[in-house]
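Chains, contacts and geometry: an overview
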Amino acid sequence: MRVLSGVQPSGRLHIGNYFGAIRQFVELQRDPSNECFYFIANLHAMTTVHDGSTLKENTQMLAVDFLALGLDPKRSVLYRQSDIPEVTELSWLLSTVTPMGLLQRCHSYKDKVAKGLSPNHGLFAYPVLMAADILIVRADKVPVGKDQKQHLEVTRDVAAAFNHEYGEEVLKLPEEMILPEVAVVPGIDGRKMSKSYGNTLDIFAPEAELKKRVMSIVTDSTPVEEPKPIRGNTLYQLLKLFTPKEEWREVRTWFTQGGTGYGKMKQHLLGLILEYFKEARAKREELMGDLGYVERVLQEGAARARAVVAEVMADCRRVCGLR
Ligand code: ADP
Ligand code: TRP
């Protein structure tokens, strides 16, 4: 099975990114029958980041984070989107068969417009570029968070339109892969954890900063001695995410039986998060001292990806009459 996914280098990685995406990337590469492609979507980030040095630094940091969190260049192809220029070429071919209405209906675009952002064409065309990322390697499965489901639908629609238009099954229709139980990780204010809401718990934040953030998770005013609500309780959801299975029964009683305050629960959560990412945090420190290695990984990954991409592009150019 061919697996592909990308992450935008638009800031620091948070635990929503980890549980919604990267953890699955790491698990998928363990199965030797999977051929995994993971990339840094720096061209997508350009729809919002217009500072060259920031983009460059964020891209490098994300590569470090990928490796620290366990993506293995021996098992997966890791690359930078912009190192595969064929992606933007395919994006154009696809855009000529993509109905405007399809893009106008996309939440990613509509939400930003609704927030008053004046959209550039890149933001509007964003799902077409994403379709190109996926279709250019003929991916079977795309592990992503729930918020990307619509983009996968668009990808299939665009691929089907291209195949239909040119009368040949050149492009493969991919499927999304979404883990339902962690589909949306809540942020410290209870909304979906997202960089754009400023409610994140960042995986590699310094310990003191992480502590401050965990302590500010929004809770209700239930007195210590009383049982705490479970439904819609952010702290409950986050504890559930990090508590080892065999300890969950006990931690759950903190809510159902009362007697445990939110402050103690937050302290406990902080300890769990630090323990969970201990190895990754150490690995990250190590990689920061060898950025040359990180760059080599990306360049080797791009060379491997381009070999696959070349075949698909040859077919696409042929059916379109470009060559
Ligand atoms: P953000 O919303 O912080 O900007 P991105 O859009 O860069 O995050 O998301 C990168 C990946 O992480 C995507 O696959 C996305 O679906 C996933 N993801 C982001 N936030 C969450 C969350 N709160 N819960 C689950 N998955 C998430
Ligand atoms: N749009 C995705 C996000 O914001 C990132 C992305 C770009 C992607 N291209 C992709 C994800 C291709 C999966 C496959 O999270």
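Residues numbered from 1 in each chain as written. Chains lettered and ligands numbered in written order. Predicted model: local features only at pLDDT ≥ 70, side-chain atom pairs only at ≥ 80, totals over all residues. Heavy atoms only, no water.

**Quick word on the packing of helix H4 (residues 86–95) against helix H7 (residues 121–135)**
Running from amino to carboxyl end, H4 crosses H7 at an angle of 120°, the nearest separation of the two axes being 8 Å. For H4 against H7, the interelement crossing comes out right-handed. Facing Val87, Thr88, Leu90, Ser91, Leu94 and Ser95 of H4, the residues of H7 in contact are Val128, Leu129, Ala131, Ala132, Asp133 and Leu135. Of the residues that constitute the contact of H4 with H7, the class distribution is eight nonpolar, three polar and one charged. (Axes fitted to C-alpha atoms, helices over the stretch in contact; angles between N-to-C directions. Helix = DSSP H or I, 4+ residues; strand = E, 2+ residues; numbered from the N terminus. Left-handed = near helix turned anticlockwise from the far one by under 90°. Contact = heavy atoms within 4.5 Å. Nonpolar A, V, L, I, M, F, W, Y, C, P; charged D, E, K, R; others polar.)

**Digging into the domain arrangement of the protein**
Each domain of the protein was delimited in the assignment, giving domain 1 (2–184 + 291–320) and domain 2 (205–276). On a C-alpha basis, the centroid separation for the pair domain 1 and domain 2 is 34 Å. In total, about 520 Å² of surface goes out of reach between domain 1 and domain 2, with carbon and sulfur atoms giving 68% of it. When the area that domain 1 buries against domain 2 is broken down by residue, the three leading residues are Arg12, Ile15 and Phe19, summing to 75%. If you look at where domain 1 meets domain 2, you find one salt bridge. For arginine 12, the salt bridge is made with glutamate 209, and the minimal N-O distance between the two is 2.7 Å. At the junction of domain 1 and domain 2, the tally comes to one residue pair in polar contact (both at pLDDT 80 or more). A per-class count over the side of domain 1 that touches domain 2 returns four nonpolar, no polar and two charged. (Domains from an automatic or database assignment. Buried area = accessible area lost by both parts, 1.4 Å probe. Salt bridge = Lys/Arg side-chain N within 4 Å of Asp/Glu carboxyl O. Polar contact = N/O pair within 3.5 Å; in protein donor to acceptor, adjacent residues only side chain to side chain.)

**Observations concerning empty space enclosed by the protein**
All chains considered together, the criterion is met by two cavities of 30 Å³ or more. Empty space within the second largest cavity amounts to approximately 30 Å³. Around the second largest cavity, the lining residues are Phe19, Gly20, Gln24, Val144, Gly145, Lys146, Ile178, Leu179, Val182 and Ala183. Residue classes in the lining of the second largest cavity are distributed as six nonpolar, three polar and one charged. (1 Å grid on protein atoms, 1.4 Å probe; cavity = no way out; pocket = protein on both sides within 12 Å on 5 of 7 lines; lining within 4 Å. Points joined across faces, edges and corners; volume = space filled by probe spheres on them.)

**Points about the nonpolar core**
Counting residues in hydrophobic clusters, the biggest one holds 57 residues, and the most contacted among them are Ile15, Tyr38, Leu69, Leu201, Leu239, Phe242 and Leu269. With eight residues, the top contributor of residues to this core is helix H1 (residues 15–30). Residue-level mapping places this core at the junction of two domains, with at least three residues from each of domain 1 (2–184 + 291–320) and domain 2 (205–276). Sequence-distant contacts of leucine 69, defined by excluding residues within four places in its chain, comprise Leu13, Tyr18, Ile22, Val26, Ile203, Phe204, Phe277 and Ala280. (Core = buried A, V, L, I, M, F, W, Y, C linked by side-chain atoms within 4.5 Å. Buried < 20%, exposed > 50% of the residue type's maximum accessible area, 1.4 Å probe, protein only.)

**Brief notes about the packing of helix H10 (residues 234–242) against helix H11 (residues 245–256)**
It is at 11 Å that the axes of H10 and H11 come closest, and there the two elements cross at 170°. Between H10 and H11, the angle falls in the class roughly antiparallel. For the pair H10 and H11, the contacting residues are Leu235, Tyr236, Leu239 and Lys240 in the first and Trp248, Val251, Arg252 and Phe255 in the second. For the contact of H10 with H11, the per-class residue count stands at six nonpolar, no polar and two charged. (Parallel < 35°, antiparallel > 145°, perpendicular 65-115°, else oblique.)

**Section: the packing of aromatic side chains**
By the definition in use, this model includes 14 aromatic pairs. Ring geometry for phenylalanine 242 and phenylalanine 277: centres 6.2 Å apart, planes at 70°, overall edge-to-face. Residue phenylalanine 242 is found in helix H10, and its partner phenylalanine 277 is found in the loop between helix H12 (262–276) and helix H13 (278–288); the two are separated by 35 residues along the sequence. With respect to class, phenylalanine 242 is no different from phenylalanine 277; both count as buried. Within the aromatic cluster, the residues linked to one another by ring pairs are Tyr18, Phe19, Phe242, Tyr276 and Phe277. When the ring centre of tyrosine 197 is taken as origin, the NZ or CZ atom of arginine 191, which lies over that ring, is 4.1 Å away. For lysine 264, the ring lying beneath its charged end belongs to tryptophan 254, and the centroid distance is 4.9 Å. (Phe/Tyr/Trp six-rings, centres within 6.5 Å; stacked < 30°, edge-to-face > 60°. Lys NZ or Arg CZ within 6 Å of the ring centre and 35° of its normal.)

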